[in-house]
Every structure is written in structure tokens, then in C-alpha cells.
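So you can see what is in the structure, the chains are spelled out below.
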Amino acid sequence: MTQAPDARAVPDRPAPPLDLCDSAILKAVGIIAIVLHNYYHHLPGAAVQNEFGWVRGRFAEALIQASNPRHFIQASFSYFGHYGVQLFIFLSAYGLALRYWDAGDRRDFFRSRIAKLYPTFALAFGLYLLLKLIQDGPDGLIAFLGRHGGELLLTALGVLTLVPHHDLPPVGPWWFLPFIMQFYLVWPWLAELARRRGPTGLLALSALAIGVLSWNQSPLGINLLMLPVGHLPELSLGIAYARFGARVTPSIGLVSLVVFLLGNLIGPLWYFTPVTALVVMLWAYGWVAPTLRRSRSLRLIGEISMPMFFLNGYLRGLFWGIGRSKVWYVQVGGGLATLGLTVMVGYGIWRLERRLMARPQPVPAQAV
């Protein structure tokens, strides 16, 4: 059992600044950015993002492409869209800090997370194999599983990103599944540190994580930016938002914007870009929240963001032929078609899962 919260660490905790509607809207913004990024950054000649590493000149090239109105959408989402992941990392920590601050038994907590996450993944995975079967036939599917079955299994087990010298899984965005499962495993210890040390402990932990990243981003061939340790600043901010009254003021937002822009130009500052991008997005959300909160469509997309996350990595392939067109509006249309299909299939999986979970359980026979 975890210890009770230290009253000195959380004196008179203020009301959480983000309610369920805010969380849904932010998830919608994040998943739309991710879906469009995952499509546009695969197009020929697309602006290359600095997601898992920094390369000089990429930001300048993205700005050059975006300065052309015909390439603005493709270049913007190709380079910046992956920062939608930061919203999900933040909201994961934010939600757990509100609901599982005293998680109780760690095994029960982890089982509850598996029960919430894996049915959606299983349905998306099943659809992935079905599409492979339709596209490649039985022999092609068997050959594919022979080549990548081990990677898919390690992904499902949540450990692929811990394998040295290993790249992304066969469905690239699925690297986030091992990430989130690893985060659930370490959550009780992270929450305990936050309860004991408060905001100061979280700040020190975040500084240590950035220091480790800047010293050696990939020890033993393992990319730390695919592990929770590489995103401790965003996780810590989620906890601080939920439990310690952290807020993004205009001055913090402006400083974060400057650091974010400089981090895309200057290598040593690049390690601050994930958390500063998150701060800028939260700052911007404060301005547009009253308008976005009225959108029922965004709230629905936020509700189905999990199945959309698992689906978009392979549904995008259906529209790559369109995206390779040299006509700019055809390229844009390919991304929008990917987004629309991901929403529709994600909604179907979401409804199916709700129906399956709502089925009445059989009543056990009474003992005679």
C-alpha cells in the first residue's frame, strides 16, 4: 500500500484547472495533429521533424516549405504534428494524479490499466491483421508474421522500446503502447516521490532527466525518448497541474515559446522542446478554450482518441498513393481522407468495445 499524502506537500489543493471536457478537447487536438503528421511526414520531400533526435537544418527547411502556401499544411503538420504526443503524455499523468494519487495495491492498479487499454488495442490489432490478409492473402500474412511477429509480440508486451538497437515497431505509432505501459508500471513510485517532495522534487527530477538526455540520449542503443524517463518533464507538469496548482502564465508561455523556437535551431536547447511545446499548447488553449469547448465534434474525437491512435498508423497507407501526387490539394486531401477514415473506424471500434463491455455477465448457477 502507498503511504497517505503528506499534508505539507499538498496544502489546500486548488480545484483542477481542466475538467473532462477540457481533457477531451485537448485529446482531440492532439490526435488530429498526430494523424495528419503521421500521414504528411511520409510524403516524398516532406519536412523532416526533430522528434527523436536533432539535426541541424531541418527546422529551416520546414520553414522554407511552410512559407509556400501550397505546402503550408503539409509542412506544418509534418514537422510540428508529432508534438500532439506531448498532450497525451501530459493528460496521462494529469488523469492519474487526480484519480490514482493513492493508488492502493499496485497490482490492482496495473490490472485496471490493462483492462482499459488492451481491449481497444486488441480490436485495432485484429483489424490490422484482417487488412493484411485482404491485401496480401494468407501466404503474405504468414510471411509478414514470420518477419515481424516477434516485434509485434514485444510491442504488445510493452517491452519493444527496451530492446537495444531496435527501431520503431511495424506500425510506427505503436511505440507509444510500450511507453504508456512502462509509465503505468513506474507511476506508484513517481506519485510517491511527488507526495514526499512536492513540486521541488518534480522539478529536480525533470532537470535530471534533461541532463541525462543531453549527456547520452541513447545508452546501450535504447532511445530514452521512447521511454518515460525521456518525458519526465511533461509527466511532472501533468502531476503539478493536478496536485500543486501549477498554471501557465503569459510570461511562462512567452518564455517557453522563445525557448521552443531556439531549441529547434540550437542543438543543446532541443532537449527542452518537448516540454516547452507542451507549455505553449496549454497557454494557447487558455485563449481558445471557450470556443473549442462548444464543439461536440471535437469532444467526440477526444472520446475516441485511443482507438484512433492505434488505427492511424496503418490506415494512412490506404491513401499514400494519393499523397504522392504533385498536386498540392490532392496531397492535402489525402491527409484529410486519412483523418476522416480514422475517425469513422475509431468510432466503430469505440462503439463495439462499449457494447461488448456492457454485455450482461452470465449469472452463476446457485450451489445445491
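In the block above lies the structure referred to throughout.
Residues numbered from 1 in each chain as written. Predicted model: local features only at pLDDT ≥ 70, side-chain atom pairs only at ≥ 80, totals over all residues. Heavy atoms only, no water.

Draft legend 1. View of the overall build of the protein chain. A count of helices and strands for the protein chain gives 13 helices and 0 strands. Mapped from its N terminus to its C terminus, the protein chain presents α and β elements in the order α-α-α-α-α-α-α-α-α-α-α-α-α. In terms of overall size, the protein chain behaves like a compact globule, its C-alpha atoms giving a radius of gyration of 21 Å where 368 residues would be expected to give roughly 21 Å. If one aligns the C-alpha atoms of the protein chain with their principal axes, the spans along those axes are about 75 × 60 × 50 Å. (Helix = DSSP H or I, 4+ residues; strand = E, 2+ residues; numbered from the N terminus. Rg over C-alpha atoms; globule rule 2.2 N^0.38 Å.)

Draft legend 2. Structural context of a nonpolar patch on the surface. On the surface, Leu254, Leu257, Val258, Leu261, Leu262, Leu265 and Ile266 cluster together into a nonpolar patch covering about 540 Å² of accessible area. The residue Ile266 is located in the loop between helix 8 (250-263) and helix 9 (273-292) in this model. (Patch = residues over 30% accessible without salt bridge, like charges linked within 9 Å, V, L, I, M, F, W, Y side chains within 5 Å. Areas by Shrake-Rupley, 256 points an atom, 1.4 Å probe, with all protein chains shown as cover. Salt bridge = Lys/Arg side-chain N within 4 Å of Asp/Glu carboxyl O.)

Draft legend 3. Structural view of the packing of helix 1 (residues 20-40) against helix 11 (residues 305-315). Their axes nearest at 10 Å, the elements helix 1 and helix 11 cross at an angle of 10°. Between helix 1 and helix 11, the interaxial angle falls into the category roughly parallel. On helix 11, the residues touching Lys27, Ile31, Ile34, Val35 and Asn38 of helix 1 are Ser305, Met308, Phe309 and Asn312. Here the residues of the contact of helix 1 with helix 11 sort into 5 nonpolar, 3 polar and 1 charged. (Axes fitted to C-alpha atoms, helices over the stretch in contact; angles between N-to-C directions. Parallel < 35°, antiparallel > 145°, perpendicular 65-115°, else oblique. Contact = heavy atoms within 4.5 Å. Nonpolar A, V, L, I, M, F, W, Y, C, P; charged D, E, K, R; others polar.)

Draft legend 4. Looking closely at the packing of aromatic side chains. Tallied over the entire structure, the rule returns 32 aromatic pairs. Taking the centre distance of 5.0 Å and the plane angle of 80° together, the rings of Tyr79 and Phe80 count as edge-to-face. Taking the centre distance of 6.2 Å and the plane angle of 75° together, the rings of Trp101 and Phe244 count as edge-to-face. Note that Trp101 is positioned in the loop between helix 4 (84-99) and helix 5 (106-157) and Phe244 in the loop between helix 7 (232-243) and helix 8, a separation of 143 residues in sequence. In this pair, the class of Trp101 matches that of Phe244, namely buried. Chaining the aromatic ring pairs together yields one cluster made of Tyr118, Phe121, Phe125, Tyr128, Phe144, Trp174, Phe310 and Tyr314. Taking the ring centre of Trp101 as reference, the NZ or CZ of Arg195 above it sits at 5.8 Å. (Phe/Tyr/Trp six-rings, centres within 6.5 Å; stacked < 30°, edge-to-face > 60°. Buried < 20%, exposed > 50% of the residue type's maximum accessible area, 1.4 Å probe, protein only. Lys NZ or Arg CZ within 6 Å of the ring centre and 35° of its normal.)

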